[in-house]
Amino acid sequence: DTAVSQTPKYLVTQMGNDKSIKCEQNLGHDTMYWYKQDSKKFLKIMFSYNNKELIINETVPNRFSPKSPDKAHLNLHINSLELGDSAVYFCASSPSSVLSYEQYFGPGTRLTVT
Amino acid sequence: AQTVTQSQPEMSVQEAETVTLSCTYDTSESNYYLFWYKQPPSRQMILVIRQEAYKQQNATENRFSVNFQKAAKSFSLKISDSQLGDTAMYFCAFMKPNSGNTPLVFGKGTRLSVIA
């Protein structure tokens with residue numbers, strides 16, 4: 001029933017590890033996004049995909065690699081985790097239409113790097 | 001690049017009172033969309049209200065309304081009859097339309113506390 005889901009909701013790991021966050025949407029949307037919310041609650045776009053193709057890649061370290069196996073899924077893999085990667089990561093999706101543009105957010109994944 | 005500014009980091013309001021949260025933005029676009037999102041302690045991002053820049057009429061959703069001043073690039077949110085459940089972070093966001101797949105640009109947020 002959930003529109004945009006993320007797993008896991010919480011992730012605690014040590015520096016240097018590699019981890020993945022998964023996102024799935026069942027809304028039939030063409031576009032998916034990853035946003036990062038830092039410790040000061042500031043939200044910023046990281047990536048956007050449209051129909052499995054990377055559209056936007058903001059100035060994100062190349063340790064972060066998004067992958068979209070199909071248009072309903074957008075995963076985020078992070079290599080060599082650093083303390084500064086600790087944040088809440090939100091997945092979102094939206095239809096590709098100027099008539100219907102609302103973005104639907106997942107519940108977020110709180111990543112803590114120790 | 002577009003920027004969104006929320007000048008009030010924190011605000012508080014008594015239950016049942018009215019509060020207005022400020023937001024200004026900077027863009028050279030003539031058409032765009034503006035949003036207010038609510039993030040309660042559960043951290044879920046909830047869309048509160050949206051406004052299309054080409055519409056002159058201010059959007060309203062029950063107790064929530066906006067004052068959209070396009071020339072001044074201002075987009076404030078008014079919450080009437082504040083309830084304890086309105087306690088949350090509120091984010092103003094801008095989106096440039098481009099076939100509906102452009103990302104949101106957020107302000108830094110205003111933490112609203114509703115006091116009983």
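Residues numbered from 1 in each chain as written. Chains lettered and ligands numbered in written order. Predicted model: local features only at pLDDT ≥ 70, side-chain atom pairs only at ≥ 80, totals over all residues. Heavy atoms only, no water.

### Here we look at the overall build of chain A
When helices and strands are tallied, chain A shows zero helices and eleven strands. Rg of the C-alpha trace for chain A: 13 Å, near the compact-globule value of 13 Å for 114 residues, within the 12% margin. When its C-alpha atoms are laid out on the principal axes, chain A stretches across 45 × 25 × 25 Å. Here chain A contributes 12 positive and 11 negative side-chain charges, whose respective centroids are spaced 6 Å apart. (Helix = DSSP H or I, 4+ residues; strand = E, 2+ residues; numbered from the N terminus. Rg over C-alpha atoms; globule rule 2.2 N^0.38 Å. Lys, Arg positive; Asp, Glu negative; His and termini not counted. Charge placed at Lys NZ, Arg CZ, Asp CG, Glu CD.)

### Structural notes on the sheet that holds strand E8 (residues 73-78) of chain A
Residues and elements named next belong to chain A. Taken in spatial order, the four strands make up an open sheet running E1-E3-E8-E7, and their pairing is antiparallel. Of all the strands in the sheet, the pair left with one neighbour each is strand E1 (4-7) and strand E7 (64-70). Strand-to-strand twist of the sheet, defined as the mean angle between neighbouring strand axes without regard to direction, takes the value 20°. With five bridges connecting them, E7 and E8 associate as antiparallel partners. Residue pairing for E8: aspartate 70 is matched across the bridge by histidine 73. (Pairing = 2+ DSSP bridges. Axes fitted to C-alpha atoms, helices over the stretch in contact; angles between N-to-C directions.)

### Topic: unusual backbone geometry
Between threonine 7 of chain A and proline 8 of chain A the backbone carries a cis peptide bond, its omega angle lying at -5°. Note on placement: proline 8 of chain A falls in the loop between E1 and strand E2 (10-13). For lysine 73 of chain B, which is not glycine, the phi dihedral falls at a positive 55°. By relative accessible area, lysine 73 of chain B is classed as partly exposed at 27%. For aspartate 81 of chain B, which is not glycine, the phi torsion reads 50° and is therefore positive. Looking at the secondary structure, you find aspartate 81 of chain B in the loop between strand E9 (74-79) and strand E10 (88-95). (Buried < 20%, exposed > 50% of the residue type's maximum accessible area, 1.4 Å probe, protein only.)

### Some words on the environment of proline 8 of chain A
All names here are of chain A. On the basis of relative accessibility, which here comes to 28%, the residue proline 8 falls in the partly exposed class. Separated by 100 residues in sequence, proline 8 and glycine 108 place their C-alpha atoms 8.7 Å apart. The contact partners of proline 8, leaving out residues within four places of it in the chain, are Ser20 and Thr109. (Contact = heavy atoms within 4.5 Å.)

### A closer look at the packing of aromatic side chains
All chains considered together, the criterion is met by 15 aromatic pairs over all chains. For the pair phenylalanine 105 of chain A and tyrosine 37 of chain B, a centre-to-centre distance of 5.4 Å together with 75° between the ring planes defines the contact as edge-to-face. Placement of the pair is phenylalanine 105 of chain A in strand E10 (residues 104-105) and tyrosine 37 of chain B in strand E5 (residues 33-39), with the two residues belonging to separate chains. A residue is classified by how much of its surface remains accessible, and phenylalanine 105 of chain A, at 7% relative accessible area, is buried. (Phe/Tyr/Trp six-rings, centres within 6.5 Å; stacked < 30°, edge-to-face > 60°.)

### Examining the pairing of strand E3 (residues 19-25) of chain A
Residue and element names in this part refer to chain A. Here E1 runs beside E3; their pairing, made up of four bridges, is antiparallel. Counted as the bridge partner of serine 5 is glutamate 24 from E3. In this sheet, E8 lies alongside E3 in antiparallel orientation, the contact comprising four bridges. Pairing of glutamate 24 across the sheet is with histidine 73, part of E8.

### Some thoughts on the nonpolar core
Residues and elements named next belong to chain B. Counting residues in hydrophobic clusters, the biggest one holds 25 residues, and the most contacted among them are Tyr25, Trp36, Phe75, Leu77 and Tyr90. Within the residue set of this core, elements represented by two or more residues are strand E3 (19-21), E5, strand E6 (46-52), strand E8 (64-69), E9, E10 and strand E12 (110-115). Counting residues per element, this core draws most heavily on E10, at four residues. (Core = buried A, V, L, I, M, F, W, Y, C linked by side-chain atoms within 4.5 Å.)

### Section: the interface of chain A and chain B
Listed as interface residues are 29 residues of chain A and, on the opposing side, 23 residues of chain B. Contact with chain B buries area across many residues of chain A, yet Leu43, Tyr101 and Phe105 of chain A alone supply 30% of it, more than any other trio. For the pair chain A and chain B, the number of links is one salt bridge. The salt bridge partner of glutamate 102 of chain A is arginine 50 of chain B, with a shortest N-O separation of 2.3 Å. The set of elements that each furnish at least two residues to the side of chain A that touches chain B consists of strand E4 (31-37), strand E5 (43-50), strand E9 (87-94) and strand E11 (109-113) of chain A. Of the residues belonging to the side of chain A that touches chain B, the class tally is 14 nonpolar, eleven polar and four charged. (Buried area = accessible area lost by both parts, 1.4 Å probe. Salt bridge = Lys/Arg side-chain N within 4 Å of Asp/Glu carboxyl O. Nonpolar A, V, L, I, M, F, W, Y, C, P; charged D, E, K, R; others polar.)

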